[in-house]
Amino acid sequence: MLMTGAQYIESLRKLNTRVYMFGEKVDNFVDHPMIRPSINCVAVTYDLAHDPQYADLMTVKSSLTGKTINRFGHLHQSADDLRKKVKMQRLCGQKTASCFQRCVGMDAFNAVFSTTYETDKKYGTEYHARFKKYLEMVQENDWTVDGAMTDPKGDRSKAPSAQEDKDLFLRIVEKNDKGIVVRGAKCHQTGCINSHEHIVMPTQTMTEADKEYAVCFAVPSDVEGLFMIYGRQSCDTRKKEPNADIDLGNKEYGGQEALVVFDNVFVPWERVFMCEEYDFSGMLVERFAGYHRQSYGGCKVGVGDVIIGAAALAADYNGANKASHVKDKLIEMTHLNETLYCCGIACSAEGYPTEAGNYQIDLLLANVCKQNVTRFPYEIVRLAEDIAGGLMVTMPSAVDFKSDTPVLKDGGTIGDVCQKYFKASPVASTEDRQRILRFLENICLGSSAVGYRTESMHGAGSPQAQRIMIARQGNIEGKKALAKAIAGIK
Ligand code: SF4
Ligand code: FE
């Protein structure tokens with residue numbers, strides 16, 4: 001079944017998801033003005049799958065059932081599938097200018113699929129078959145799934161079991177013949193409230209002393225004992241203003257991050273995919289992070305496309321579009337953005353099959369991709385702010401532009417004053433100029449900056465996490481040997 005965006009939104013209403021914001025329970029999260037834009041954003045991943053022009057990117061034949069499914073639920077079967085994943089993400093970024101959240105589940109499916117296969121081979125466990133059954137259900141229902149990895153971590157100098165509070169990493173607190181009980185939390189969970197399910201994975205390589213933390217499982221969003229506390233965003237309460245529109249910059253779409261708490265949650269065995277096999281935690285983390293670092297070479301590039309377009313429009317509306325330095329800045333922004341895309345495509349093109357049969361990206365190139373993503377979007381927004389001009393942060397509210405309060409000696413209103421002094425070049429209306437500058441404000445400093453800037457820095461792992469992987473994969477010894485051979489060193 002391929003859900004439409006509207007069906008997806010309705011399906012969320014059927015869940016009994018427990019959400020808290022500003023210290024209170026949110027009874028109807030689906031229609032909450034601060035949450036709804038992030039739901040609309042996930043809905044785009046459903047609607048695009050029904051658009052014939054995107055069928056090849058958005059849909060694919062399931063390797064498990066042979067049925068047509070949304071690519072967000074797919075196990076990549078080739079390097080071509082990996083490339084199409086990146087292109088799909090660029091497309092979704094272009095349509096929303098936001099984080100559309102559904103990729104974390106897709107990246108978890110592929111990492112858990114291959115890791116469970118190799119775990120079973122060593123231990124004779126049955127995780128892989130269980131996971132395949134679970135994924136068939138996900139594909140059949142076209143669910144959005146949260147891929148939950150990051151633990152709170154407490155004192156970063158200490159291992160999970162050495163923490164003063166043992167719950168600072170999510171762990172198994174009980175095992176019985178029916179399943180396991182887990183306690184802990186996962187931080188900055190992208191789209192967790194908008195997900196039907198959560199796949200929980202360990203956050204780092206575990207040792208034997210930390211084996212109770214080597215756990216992977218899936219639970220529904222409304223499972224007993226699970227709740228979420230909404231992560232607020234810069235300027236988020238603008239969304240609660242009556243008739244909020246222009247001042248939001250991006251009224252329709254947005255991202256979502258929250259804390260997910262597991263308060264002694266029971267998980268039946270058929271939903272458990274790792275239980276104390278600590279020597280496979282590193283593999284799962286590395287593979288999931290690798291896929292998600294590839295993902296950023298698609299989604300952030302799509303958002304970058306919209307930012308470049310917005311900066312070019314701002315230049316048009318300011319009458320500055322013919323200035324050579326403006327043209328050059330747009331070239332620089334394009335160069336940076338396409339470099340990110342090159343990385344996303346390259347690590348996909350170099351993909352290879354895992355033992356389980358699905359395709360894994362090239363780890364070194366995916367880490368280089370994400371390392372660039374921790375830098376280039378910052379330069380892109382710097383250039384966008386440069387082109388936009390200071391008005392992007394000094395302009396009166398949209399209410400002022402419509403105000404009929406008289407202020408001029410001749411009876412002219414606040415609205416008249418705003419229209420007169422914020423007039424655009426002849427190619428645009430004052431309102432269009434307002435709209436594009438507010439869009440840039442939102443993406444550079446407002447609620448969307450969470451998704452384009454800080455998420456680019458820390459999402460899919462902070463810069464240092466990629467540098468560790470680059471150090472591991474960089475083969476410095478091999479490079480020394482090359483230099484020695486040419487320099488004649490024995
Ligand atoms: Fe998808 Fe990008 Fe959001 Fe990650 S940051 S969930 S890859 S849109
Ligand atoms: Fe992310």
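Quick notes on the rules
Residues numbered from 1 in each chain as written. Chains lettered and ligands numbered in written order. Predicted model: local features only at pLDDT ≥ 70, side-chain atom pairs only at ≥ 80, totals over all residues. Heavy atoms only, no water. Helix = DSSP H or I, 4+ residues; strand = E, 2+ residues; numbered from the N terminus. Buried < 20%, exposed > 50% of the residue type's maximum accessible area, 1.4 Å probe, protein only. Polar contact = N/O pair within 3.5 Å; in protein donor to acceptor, adjacent residues only side chain to side chain. Contact = heavy atoms within 4.5 Å. Pairing = 2+ DSSP bridges. Core = buried A, V, L, I, M, F, W, Y, C linked by side-chain atoms within 4.5 Å. Axes fitted to C-alpha atoms, helices over the stretch in contact; angles between N-to-C directions. Arc of directions from axis to C-beta. Salt bridge = Lys/Arg side-chain N within 4 Å of Asp/Glu carboxyl O. Near = heavy atom within 4 Å. Nonpolar A, V, L, I, M, F, W, Y, C, P; charged D, E, K, R; others polar.

Re the side chain of Asn194
Among the secondary structure elements, Asn194 is positioned in the loop between strand E7 (179-190) and strand E8 (197-200). The exposure class assigned to Asn194 is buried, which follows from its relative accessible area of 0%. Engagement of the side chain of Asn194 in a polar contact is seen with the side chain of Gln101, the distance being 2.8 Å. At 3.0 Å, the side chain of Asn194 forms a polar contact with the side chain of Gln256. The residues contacting Asn194, other than those within four sequence positions of it, are Tyr8, Leu12, Phe29, Ile35, Ser38, Ile39, Val42, Gln101, Thr144 and Gln256.

So, the sheet that holds strand E11 (residues 257-268)
Strand order in the open sheet formed by six strands is E2-E1-E10-E11-E7-E6, and the pairing between neighbours is mixed. Each of the sheet's edge strands pairs with one partner strand only, and the pair in question is strand E2 (24-25) and strand E6 (171-175).

Comments concerning the nonpolar core
Among the nonpolar cores identified, the biggest contains 43 residues, and Ile307, Met333, Leu437, Leu440 and Ile443 are the most heavily contacted of them. Looking at this core, the elements that each hand over two or more residues are helix H7 (281-318), helix H8 (324-349), helix H10 (376-388), helix H11 (391-394) and helix H14 (430-444). Of the residues forming this core, the biggest block, 10 residues, is contributed by H7. For Met333, the residues in contact, after removing those within four places along its chain, are Ile307, Ile308, Ala311, Ile380, Leu383, Ala384 and Ile387. Val223, Leu226, Ala258 and Phe262 belong to the second largest nonpolar core, which has 39 residues in total.

Quick word on the sheet that holds E8
Strand order in the open sheet made by the four strands is E5-E8-E9-E12, with mixed pairing throughout. Lying at the two open borders of the sheet, with one neighbouring strand each, are strand E5 (145-148) and strand E12 (272-275). If you compare each strand with its neighbour and ignore which way they point, the axes differ by 20 degrees on average. Each of E5, E8, strand E9 (215-220) and E12 is contacted by helix H5 (residues 103-123), which is oriented at about 65 degrees to E5, the strand it contacts most. Contacts from helix H6 (residues 127-141) reach E5, E8, E9 and E12, with the element oriented near 145 degrees to E12.

Considerations on helix H16 (residues 463-473)
Among the residues making up H16, those that are buried are Pro463, Gln466 and Met469. Taken down its axis, H16 places every buried residue within 125 degrees of arc, on the same side. Turned more than 90 degrees away from the buried face of H16 sit Gln464, Ala471 and Arg472, all of them exposed. Each element contacted by the buried residues of H16 is listed here: H7, helix H9 (363-373) and helix H15 (449-458). Residue Asn475 follows H16 closely and has a positive phi angle near 55 degrees.

Re the pattern of salt bridges
Under the counting rule described, the total for this entry stands at 35 salt bridges. The salt bridge involving Lys84 is made with Asp56; its shortest N-O contact spans 3.4 Å. Linking Lys84 in helix H4 (residues 79-96) with Asp56 in helix H3 (residues 55-58), this pair joins segments that are 28 residues apart in sequence. As a salt-bridge pair, Arg435 and Asp245 come within 3.3 Å of each other at their nearest N and O atoms. Linking Arg435 in helix H14 with Asp245 in the loop between strand E10 (226-230) and E11, this pair joins segments that are 190 residues apart in sequence. For Arg435, a relative accessible area of 32% translates into the label partly exposed. Ionic contacts of the salt-bridge type, sharing partners, join the residues Glu10, Arg13, Asp31 and Arg36 into one network.

Quick word on the site of ligand 1
Neighbouring residues of ligand 1: Cys99, Phe100, Gln101, Cys103, Thr190, His292, Ser295, Tyr296, Cys299, Lys300 and Glu455. Sort the elements by how many residues they give to the shell around ligand 1 and H7 lands first, with five residues. Residues that form the shell around ligand 1 fall into these classes: five nonpolar, four polar and two charged.

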